[in-house]
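Coordinate analysis (summary)
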Protein chains: 2
Amino acid sequence: MPTTGLRPTIYDVARAAGVSRATASRVINNAPGASGPLRERVHAAVAELGYQPNSAARALASGRQRAVDVIAVTNGPDVGWLGTHPYFSRVLAGIMPVLEGVDAQLRLHVVPHGTAADAIGEIAAQATLGAVLADATPELATRFHRRCRRVVSMVPTAGSVPGMEADNVGGAYAAVAELHRLGRRRIAAVHGPAGNPCAIDRRTGCLRALDDLGLTALAGLTADGDFYREGGHAAALRLLEQDPALDAMFVACDLMAAGAVQAVTATGRRVPEDVSIIGFDDSIAAVCSNPPLTTMRLPVEEMAATATRLLLDGTPASGHRQRFPVELVTRQTTQTTQTTQN
Amino acid sequence: MPTTGLRPTIYDVARAAGVSRATASRVINNAPGASGPLRERVHAAVAELGYQPNSAARALASGRQRAVDVIAVTNGPDVGWLGTHPYFSRVLAGIMPVLEGVDAQLRLHVVPHGTAADAIGEIAAQATLGAVLADATPELATRFHRRCRRVVSMVPTAGSVPGMEADNVGGAYAAVAELHRLGRRRIAAVHGPAGNPCAIDRRTGCLRALDDLGLTALAGLTADGDFYREGGHAAALRLLEQDPALDAMFVACDLMAAGAVQAVTATGRRVPEDVSIIGFDDSIAAVCSNPPLTTMRLPVEEMAATATRLLLDGTPASGHRQRFPVELVTRQTTQTTQTTQN
DNA sequence: CTGAAAGCGCTAACAC
DNA sequence: GTGTTAGCGCTTTCAG
């Protein structure tokens, strides 16, 4: 059984260290049951030979892959939507630092909505450290959770699926309240897609604030967007036509808000002097907009990092929930003072 | 050897179909040497048992993992830069559709510059379908290529490393020429980081155009940015101070260009009436900017898709190069006509 | 505390 | 064509 191939195997390490493969394995995985002098010899052998464990063999033998799966579901046939949606990048950005140095790989799965059920089943079947569901619907999340408990969802999900929950309702409420505090009284709103859980919560918070503020009449001054810039642009134009004198807009995501800012200025109005705008997310769209967007920050990176740590720590408890605040980040679409900050 | 576990193995499939494991394997991988009736029986068994191949076992036995690795190198310790840089998302967006349905997984590696050499060695050691280097330096790319030929780089790289090459020089040249064609004569430029290969090419193209156009004197009206919005903002401010009458800017990436647009309008100038701006990339920053950016489109998605297909097709030939054009996308930072397109 | 041995589930020569 | 037989490189009982 001596190894001949170019890449050293654990067998080579064991031989070089003068121990058995079992012992070599133990020290390499720093598992208990090997000690002192032997550990050193093995480590030395590893260093000398430049040994690198074969992850496939390891996965096969142990029955578990050192990988976390990130799953995104696309709506259309267009699997490339990612390129234009900052959200997914942020979840990746949140996950990566926590995977740093823990010897776990990150696998990406973008599954078309149609085949999502099957695809999710396949992924759940491979025993990995677990999966982060970026935007799965409650049904899909539940389905995954039934097959594999090592999973956590990043969006509001049903029942027992462990999830990270941002205070979308509270954030939207706070945004409208802020607009009101600024003296705005004709507040329009651009909501997200009707069926989207996050969008529903944000809409709820917005409506509730309008109501509490005695602005109930404005509940009709709304349009539905698609969480993309184009939708925000179009919705804003529609709203402006519906009430040319509106003085503020709450827009349920930054991408749409960026489009709204473009629409508002294109009609000759000034932002924020004539109309104040507050977005949601604090994504890259917020800072690229001109003027930069005041927005409600959704701590996506933190949420994703927490989700990942949960998976790394073991199987998350069924029904586990972790709440995250959504906070106001003031930039220039709400403040008239032209300070030369950013 | 009958299997007892919950997940069916190929052994179960073989038994159910009344064939040997080898035959089952053949039809599952639709390899030659199994035919007609048997194929059907195996397929039926697969369907009935809900068999799903174990990827680890497959990888171990075949010596090759069905995975493509995407590698990004970060400059700082901050592995989360992704969240704010649209480029990486675009390479992912380009890769994913081509991996769709080919039973190959996508693995992400973000390695800090410091440990990049080691990390890259480890990745090269695992035999996968190959790696796409998103932003590796020529040295790192060469290093990887020495250990593993199944690799292609997305940025200008040294020698024999297969690579996708966008016409950065030509694109920058065309941008400046366009500004000139529009009647602009005081054209400033914001370049990228000094050592970045793409930035270098864009700078070259810009300078060459300035020269050919007889605008050599302007070669001094430049600033170096960092490929981030903040850098573009600051650079634009500096330039405006240096020459308050400048009437155009060529900015080497959209993120910086978005910052430049903000800076220009913040000083009371109008875009594009007072100063025209052309960015580079055609990333999400271009459309979120206000007004939306005219830019030179770098076909990142196409490049990434091509790179991936190359890997899927086998080992790319050493020194293989594929060129991509960089084309002008006209939006509103160069056109005064206020058509309501956006 | 250490080693021997038995697989993990699959593929790939090699015989039939 | 199809089945038999070895392993792939590692982990993990189980003895010693």
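What counts, and at which threshold
Residues numbered from 1 in each chain as written. Chains lettered and ligands numbered in written order. Predicted model: local features only at pLDDT ≥ 70, side-chain atom pairs only at ≥ 80, totals over all residues. Heavy atoms only, no water. UniProt positions renumbered as here; feature names shortened; annotations may be inferred. Helix = DSSP H or I, 4+ residues; strand = E, 2+ residues; numbered from the N terminus. Near = heavy atom within 4 Å. Polar contact = N/O pair within 3.5 Å; in protein donor to acceptor, adjacent residues only side chain to side chain. Nonpolar A, V, L, I, M, F, W, Y, C, P; charged D, E, K, R; others polar. Pairing = 2+ DSSP bridges. Axes fitted to C-alpha atoms, helices over the stretch in contact; angles between N-to-C directions. Core = buried A, V, L, I, M, F, W, Y, C linked by side-chain atoms within 4.5 Å. Buried < 20%, exposed > 50% of the residue type's maximum accessible area, 1.4 Å probe, protein only. Contact = heavy atoms within 4.5 Å. Parallel < 35°, antiparallel > 145°, perpendicular 65-115°, else oblique. Left-handed = near helix turned anticlockwise from the far one by under 90°. Buried area = accessible area lost by both parts, 1.4 Å probe. Salt bridge = Lys/Arg side-chain N within 4 Å of Asp/Glu carboxyl O. Expected span 1.5 Å × (residues − 1). Least-squares fit on C-alpha atoms with pLDDT ≥ 70 in both. pLDDT = per-residue confidence, 0-100. Phe/Tyr/Trp six-rings, centres within 6.5 Å; stacked < 30°, edge-to-face > 60°.

Attention now moves to the UniProt feature "domain: HTH lacI-type" (unreviewed entry) in chain A. Within the UniProt annotation, "domain: HTH lacI-type" (unreviewed entry) is assigned to residues 8-62 of chain A. In residues 8-62 of chain A, helix accounts for 67% and strand for 0%; the two terminal C-alpha atoms are 20 Å from one another.

Within the structure, DNA strand C sits among 25 residues, and R26(A), I10(B), R21(B), S25(B) and Y51(B) are positioned closest to it. Sugar and phosphate atoms constitute 64% of the interface atoms of DNA strand C, taking the interface as everything within 4 Å of the protein. R26(A) is positioned with one of its side-chain polar atoms (N or O) 2.4 Å from a base oxygen of DNA strand C. Side-chain polar atom of R26(B) to a base nitrogen of DNA strand C: 3.4 Å apart, as the coordinates give it. Of all the secondary-structure elements, those providing two or more residues to the surface near DNA strand C are helix 2 (21-28) and helix 4 (55-62) of chain A together with helix 2 (21-28) and helix 4 (55-62) of chain B. Tallied by class, residues from the surface near DNA strand C come to 12 nonpolar, nine polar and four charged.

The environment of DNA strand D is formed by 26 residues, the closest being I10(A), R21(A), Y51(A), T23(B) and R26(B). Take the atoms of DNA strand D that sit within 4 Å of the protein: sugar and phosphate atoms are 58% of them. Within the side chain of Y51(A), one N or O atom sits 2.3 Å away from a phosphate oxygen of DNA strand D. Breaking the surface near DNA strand D down by element, the ones donating at least two residues are helix 2 and helix 4 of chain A together with helix 2 and helix 4 of chain B. Of the residues in the surface near DNA strand D, the class split is 12 nonpolar, nine polar and five charged.

Strand pairing within a sheet occurs via backbone hydrogen bonds; the two strands may be parallel or antiparallel. Residue and element names in this part refer to chain A. With mixed pairing, the six strands of this open sheet are ordered in space as 7-6-8-9-10-12. Of all strands in the sheet, those with a lone pairing partner are strand 7 (222-224) and strand 12 (327-329), marking the two edges. Adjacent strand axes in the sheet meet at a mean angle of 20° when their direction is disregarded. Two elements, strand 6 (residues 187-191) and strand 7, share three bridges in a ladder whose sense is parallel.

Membership of the largest hydrophobic core comes to 172 residues, with the highest contact counts inside it found for M154(A), M249(A), M154(B) and M249(B). Setting aside anything within four residues of it in sequence, one finds M154(A) in contact with Y87(A), V91(A), V132(A), L133(A), A134(A), M164(A), V300(A), M303(A), A304(A) and A307(A).

Taken N-terminus to C-terminus, the directions of helix 4 of chain A and helix 4 of chain B make an angle of 130°; their axes are 8 Å apart at the nearest point. Comparing their axes, helix 4 of chain B and helix 4 of chain A come out oblique. Handedness of the helix 4 of chain A/helix 4 of chain B crossing: left-handed. Touching A56(A), A57(A), A59(A) and L60(A) of helix 4 of chain A are A56(B), A57(B), A59(B) and L60(B), all from helix 4 of chain B. Tallied by class, the residues present in the contact of helix 4 of chain A with helix 4 of chain B amount to eight nonpolar, no polar and no charged.

This part is about the interface of chain B and chain A. Between chain B and chain A, the residue contacts involve 48 residues of the former and 48 residues of the latter. Both sides of the chain B and chain A interface together cover about 4100 Å² of buried area, and 57% of this is carbon and sulfur. On the surface where chain B and chain A come into contact, there are zero salt bridges. The interface formed by chain B and chain A includes 20 residue pairs in polar contact (both at pLDDT 80 or more). Listing elements by their share of the side of chain B that touches chain A, those giving two or more residues are helix 4, helix 5 (86-99), strand 2 (105-112), helix 6 (116-125), helix 10 (229-242), helix 11 (254-266) and helix 12 (284-288) of chain B.

Quick look at the packing of helix 2 of chain B against helix 3 (residues 36-49) of chain B now. Residue and element names in this part refer to chain B. Direction vectors running N to C along helix 2 and helix 3 enclose 85°, while the axes themselves pass 9 Å from each other. Considering their axes alone, helix 2 and helix 3 lie roughly perpendicular with respect to each other. Across from T23, A24, R26, V27 and I28 in helix 2, the residues of helix 3 making contact are L38, R39, V42, H43 and V46.

This next bit is on helix 8 (residues 168-181) of chain B. Residue and element names in this part refer to chain B. Across its 14 residues, helix 8 extends 20 Å between first and last C-alpha, which sits within 8% of the 20 Å expected from 1.5 Å per residue. Among the residues of helix 8, those classed as buried are N168, G171, A172, A175, V176, E178, L179 and H180. Looking one or two places after helix 8, you find G183, whose phi comes out positive at around 95°.

Turning next to the sheet that holds strand 12 (residues 327-329) of chain B. All names here are of chain B. Within the open sheet, the six strands sit side by side as 7-6-8-9-10-12. Their pairing is mixed. Of all the strands in the sheet, the pair left with one neighbour each is strand 7 (222-224) and strand 12. The average undirected angle you get between the axes of adjacent strands in this sheet is 20°. As defined by bridge partners, strand 8 (residues 248-251) adjoins strand 9 (residues 276-281) across three bridges and the pair is classed as parallel. Note on strand 9: the bridge partner recorded for F250 is I278.

Moving on to the relation of the copies chain B and chain A. You can overlay chain B on chain A at an RMSD of 0.1 Å; the transform is a turn of 180° with a shift of 0.1 Å along its axis. A rotation of that kind, with that shift, is consistent with a two-fold axis. Comparing contact sets, 100% of the residues at the interface of chain B also lie at the interface in chain A, consistent with an isologous, same-surface contact.

Right, let's get into the confidence of the model for chain A. When pLDDT is averaged along chain A, the result is 92, and 95% of the positions lie at 70 or above. Here residues 338-342 of chain A is modelled with pLDDT under 50, and outside its nearest four sequence neighbours on either side it reaches 11 contacts, counting other chains as well.

Moving on: the packing of aromatic side chains. Residue and element names in this part refer to chain A. Applying the stated criterion to the full structure yields two aromatic pairs over all chains. Their ring planes at 70° and their centres at 6.3 Å tell us that F250 and F280 sit as a pair that is edge-to-face. With F250 in strand 8 (residues 248-251) and F280 in strand 9 (residues 276-281), the pair connects residues that are 30 residues apart, well separated along the chain. On the accessibility criterion, F250 (0% relative accessible area) is buried.

Residues and elements named next belong to chain A. Among the secondary structure elements, S25 is positioned in helix 2. Its relative accessible area of 29% is what places S25 among the partly exposed residues. Remark: the alpha-carbon pair of S25 and A141, spanning 116 residues in sequence, is separated by 37 Å.

On to the pairing of strand 10 (residues 294-297) of chain A. Residue and element names in this part refer to chain A. Bridge count between strand 9 and strand 10: four bridges; the pairing is parallel. Following the sheet pairing, F280 is matched in strand 10 by M296. Two elements, strand 10 and strand 12, share three bridges in a ladder whose sense is antiparallel. Its bridge partner being in strand 12, T295 is matched across the sheet by V329.

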